[in-house]
Amino acid sequence: MSHTLGIRQAQKQKTRQALLDAALGLLEEQSLSSLGLREVTRAVGVAPTAFYRHFRSTADLGVALVEEALGSLHPMIRTTVAAADTADERIVRAVELIAHHVATHPAHVRFIARERHGGVQPVREAIRGQLARFAEEVKEELAKDPESEGWSDDDLLMLANLYVDQMLITASLFLEALEASEQERERVRQVATSQMRLISIGRDHWRG
């Protein structure tokens, strides 16, 4: 019996992932607010009623896509912003992480960029929640730096949010340059690195 249940669970998980993958593909050409569940189930080859065994609505599916797109990044972000020998080293690591993530998961990055300010409230809130988690995690790492001595919690969170916002801008720049030349992608790296360095310089002179 347990073996049969295991097979059923594996099949259920496979169908759920197929629905997520199909939705992500369809969202390359449209927003989540215009996506119909029949489109998704048709792409997977299952009955529309099967959708509700996995998601309550397309908004619920969108929240699951947010988790898929951003959830796995938390340990990588913490590792990237962990104490480094220099601020420049940390910045270079961050830019390379973003470049790699955009290159390997462009559809996820495009989905987040579009839906961050989109028309589906639960998805906007899910993205906002994930970004708030990133900011808290970055803040915790920044607090360990000697330069943070005497900084208030609010100021550290403000700095962390600046870095997180800049990471999103950098992801958008790399996304736009996906089909560009290596020379153009290198220019994006240089611009992104300079912008993060500017935040770092501002940190050194902040007297909040």
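The text that follows walks through the structure, step by step, so that each part is easy to find. Here the structure is a predicted model, which is why all the values come from computation and not from measurement.

**Here we look at the nonpolar core**
Among the nonpolar cores identified, the biggest contains 57 residues, and Leu 65, Val 66 and Phe 111 are the most heavily contacted of them. In terms of residue count, the dominant contributor to this core is helix 9 (residues 153-176) (nine residues). When near neighbours in sequence (up to four residues on either side) are disregarded, Leu 65 contacts Leu 20, Ala 23, Leu 24, Leu 27, His 108 and Phe 111.

**Some thoughts on the pattern of salt bridges**
Within the structure shown, the criterion is met by 17 salt bridges. Note that Asp 153 is salt-bridged to Lys 139, the shortest N-O span being 3.0 Å. With Asp 153 in helix 9 and Lys 139 in helix 8 (residues 121-142), this residue pair connects regions lying 14 residues apart in the sequence. Classification of Asp 153 as partly exposed rests on a relative accessible area of 48%. One salt bridge in this structure joins Arg 189 and Glu 186, with 4.0 Å as the shortest N-O distance. Of this pair, Arg 189 and Glu 186 are both found in helix 10 (residues 182-204), three residues apart, which corresponds to roughly one turn of the helix. Its relative accessible area of 35% is what places Glu 186 among the partly exposed residues. One network of salt bridges, in which partners are shared, links Glu 96, Glu 182, Arg 185, Glu 186 and Arg 189.

**Considerations on the packing of aromatic side chains**
Taken as a whole and judged by the stated rule, the model has two aromatic pairs. Three or more aromatic residues joined by ring pairs make a cluster, and in this case those are Phe 51, Tyr 52 and Phe 55.

**Some points on a nonpolar patch on the surface**
A cluster of nonpolar residues, Met 158, Leu 162 and Trp 206, forms a patch on the protein surface that exposes about 280 Å² of accessible area. By the secondary structure assignment, Met 158 is in helix 9. Taking relative accessible area as the criterion, Met 158 reaches 39% and is therefore assigned partly exposed.

**Things to note about the packing of helix 4 (residues 58-70) against helix 7 (residues 106-115)**
Axis separation between helix 4 and helix 7 bottoms out at 10 Å; the angle between their running directions is 125°. With respect to their mutual orientation, helix 4 and helix 7 come out oblique. Helix 7 is crossed by helix 4, and the crossing has left-handed handedness. Packed against helix 4, whose contacting residues are Gly 62, Leu 65, Val 66, Glu 68, Ala 69 and Leu 70, the element helix 7 presents His 108, Phe 111 and Ile 112 at the interface. Of the residues that constitute the contact of helix 4 with helix 7, the class distribution is six nonpolar, two polar and one charged.

**Let's talk about the side chain of His 108**
With respect to the secondary-structure elements, His 108 resides in helix 7. Once you skip the residues sitting within four places of it in the chain, His 108 turns out to touch Leu 24, Leu 65, Glu 68 and Ala 69.

**Observations regarding the packing of helix 4 against helix 8**
Relative to each other, helix 4 and helix 8 sit at 20°, their axes nearing to 8 Å. With respect to helix 8, the element helix 4 is oriented roughly parallel. In the packing of helix 4 onto helix 8, the handedness of the crossing is right-handed. On helix 8, the residues that touch Ala 59, Gly 62, Val 63, Val 66, Glu 67 and Leu 70 of helix 4 are Pro 122, Val 123, Ala 126, Ile 127, Gln 130 and Phe 134. Of the residues belonging to the contact of helix 4 with helix 8, the class tally is nine nonpolar, two polar and one charged.

**A word on helix 10**
Taking 1.5 Å of rise per residue, the 23 residues of helix 10 would be expected to cover 33 Å, and the 33 Å separating its terminal C-alpha atoms lies within 8% of that figure. Among the residues of helix 10, Val 188, Ala 192, Thr 193, Met 196, Ile 199, Ser 200 and Arg 203 are the ones counted as buried. Where helix 10 is buried, its residues meet helix 6 (87-104), helix 8 and helix 9.

About the thresholds
- Residues numbered from 1 in each chain as written.
- Predicted model: local features only at pLDDT ≥ 70, side-chain atom pairs only at ≥ 80, totals over all residues.
- Heavy atoms only, no water.
- Core = buried A, V, L, I, M, F, W, Y, C linked by side-chain atoms within 4.5 Å.
- Buried < 20%, exposed > 50% of the residue type's maximum accessible area, 1.4 Å probe, protein only.
- Helix = DSSP H or I, 4+ residues; strand = E, 2+ residues; numbered from the N terminus.
- Contact = heavy atoms within 4.5 Å.
- Salt bridge = Lys/Arg side-chain N within 4 Å of Asp/Glu carboxyl O.
- Phe/Tyr/Trp six-rings, centres within 6.5 Å; stacked < 30°, edge-to-face > 60°.
- Patch = residues over 30% accessible without salt bridge, like charges linked within 9 Å, V, L, I, M, F, W, Y side chains within 5 Å.
- Areas by Shrake-Rupley, 256 points an atom, 1.4 Å probe, with all protein chains shown as cover.
- Axes fitted to C-alpha atoms, helices over the stretch in contact; angles between N-to-C directions.
- Parallel < 35°, antiparallel > 145°, perpendicular 65-115°, else oblique.
- Left-handed = near helix turned anticlockwise from the far one by under 90°.
- Nonpolar A, V, L, I, M, F, W, Y, C, P; charged D, E, K, R; others polar.
- Expected span 1.5 Å × (residues − 1).

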